[in-house]
Amino acid sequence: MNHVAIRTVLSTFALWGACQALPALAQDDNKICSAGFDREAASPSERPWHIDFSYRSRDGNMTAEIKGLDYDAFDGKDPDDNYPMTLIFDTGKTTISRSGGYENGFYQLVWGGWGPEKSPDLWAMLKDASSVQVKFDKQDFGTFKLGGIKGFARNLINTCLKGGFSADQE
């Protein structure tokens, strides 16, 4: 674990109790904060994936992205088609994005966007979640551990929104 990740973890624990509701808008109206987690492959034949949850301070919009490399199932997908993403949390709560899609470039990724109207529900679900299963376009991307502690992903995002750390710190 590098020193940025260690500092991020320590900063998050220091601000653990500060995250009870949707964060107030940051001073920078266009600030986007995210929390990302890897899902390691269970076997050499299984693909590793990475999930990012993002929160945009301007309007409270939340997104989730799953990234991977060299995945043939993404080939030929129309990036203009709508494929909502389903998140199933370890708390038993489920949410479906209002929109979603494929992007095929250096990384192959799928994304889901909750929009400002559905994002408060996703934000509330992250409060008690320690893992999430992701389903998208009849595919199961497996379960991601969200830091191993309930609410960890939400606390990382909230700490960023409050100016507690940035990815550029050393």
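Everything discussed here concerns the structure shown above.
Here's what I pulled together on the structure shown here. Here the structure is a predicted model, which is why all the values come from computation and not from measurement.

1. Section: unusual backbone geometry
(1) Moving on: One non-glycine residue, Asp137, lies in positive phi territory at about 50°.
(2) Moving on: Among the secondary structure elements, Asp137 is positioned in the loop between strand S8 (131–136) and strand S9 (139–145).
(3) Moving on: Since its relative accessible area comes to 23%, Asp137 is described here as partly exposed.
(4) Moving on: In this model, Lys138 sits at a positive phi of 65°, which is unusual for a non-glycine residue.
(5) Moving on: Within the fold, Lys138 resides in the loop between S8 and S9.
(6) Moving on: Among the residues examined, Lys138 registers a relative accessible area of 88% and is labelled exposed.

2. A short note on the packing of helix H2 (residues 115–126) against helix H3 (residues 152–161)
(1) Moving on: Their axes nearest at 7 Å, the elements H2 and H3 cross at an angle of 115°. Packed against H2, whose contacting residues are Trp123, Ala124 and Leu126, the element H3 presents Ala153, Arg154, Ile157 and Asn158 at the interface.
(2) Moving on: For the contact of H2 with H3, the residue count by class is five nonpolar, one polar and one charged.

3. Some details on the pattern of salt bridges
(1) Moving on: Going through the model one piece at a time under the given rule, you end up with five salt bridges.
(2) Moving on: One salt bridge in this structure joins Asp137 and Lys77, with 3.1 Å as the shortest N-O distance. With a gap of 60 residues between them, Asp137 in the loop between S8 and S9 and Lys77 in the loop between strand S3 (62–68) and strand S4 (85–89) connect regions that are remote in the sequence.
(3) Moving on: Given the relative accessible area of 31%, Lys77 is considered partly exposed.
(4) Moving on: Across the pair Glu117 and Arg98 runs a salt bridge, and its minimum N-O distance is 3.0 Å. With Glu117 in helix H2 and Arg98 in the loop between strand S5 (94–96) and strand S6 (99–104), the pair connects residues that are 19 residues apart, well separated along the chain.
(5) Moving on: Take Arg98: its relative accessible area is 45%, and that puts it in the partly exposed class.

4. Re the environment of Asn155
(1) Moving on: For Asn155, the position within the fold is in helix H3.
(2) Moving on: Sequence separation between Asn155 and Lys127 is 28 residues; the distance between their C-alpha atoms is 8.1 Å.

5. Points about the sheet that holds S3
Strands pair in a sheet through their backbones, by hydrogen bonds, and they do so in one of two ways: parallel or antiparallel.
(1) Moving on: Pairing is antiparallel in the open sheet, where five strands are placed in the order S1-S2-S3-S7-S6. Where the open sheet ends on each side, the last strands, each with one partner, are strand S1 (32–39) and S6. Taking the axes of each pair of neighbouring strands and ignoring which way they run, one obtains an average angle of 15° across the sheet.
(2) Moving on: Of the strand pairs in this sheet, S6 and strand S7 (residues 108–113) are connected by six bridges, and their pairing is antiparallel. Considered in S7, the bridge of Asn104 is made with Gln108.
(3) Moving on: The strands that H2 touches are strand S2 (49–56), S3 and S7; relative to S3, the one it contacts most, it runs at about 70°.

6. Examining H3
(1) Moving on: A large share of H3 lies buried, amounting to ten of its ten residues.
(2) Moving on: Inspection of H3 places Phe152, Ala153, Arg154, Asn155, Leu156, Ile157, Asn158, Thr159, Cys160 and Leu161 among the buried residues, and these make up the whole buried set.
(3) Moving on: Looking at the residues trailing H3, positive phi occurs at Gly163, about 85°.

Definitions and limits used
Throughout, a residue's number is its position along its own chain's written sequence, starting from 1. Residues qualify for local features only when their pLDDT is at least 70, as the model is predicted, and side-chain atom pairs are given and counted only at 80 or more; totals for whole chains, interfaces and linings, by contrast, use all residues. Hydrogen atoms and water are omitted, and side-chain values are computed over all heavy atoms in the structure. Elements are defined by DSSP. Helices are runs of H or I of four residues or more, strands are runs of E of two residues or more, and each kind is numbered from the N terminus. Per-residue accessibility, obtained with a 1.4 Å probe over protein chains only, is compared with the maximum for each type, and a residue is labelled buried under 20%, exposed over 50%, and partly exposed between these values. Working convention: axes come from line fits to C-alpha atoms, limited for helices to the stretch in contact. Angles between N-to-C directions cover 0 to 180 degrees. Note on contacts: a residue pair is in contact if any heavy atoms of the two residues lie within 4.5 Å. The classification used treats Ala, Val, Leu, Ile, Met, Phe, Trp, Tyr, Cys and Pro as nonpolar, Asp, Glu, Lys and Arg as charged, and all other residues, Gly among them, as polar. Salt bridge, as applied in this entry: a Lys or Arg side-chain nitrogen positioned within 4 Å of an Asp or Glu carboxyl oxygen. Only strands joined by at least two bridges in the DSSP assignment are considered to pair.

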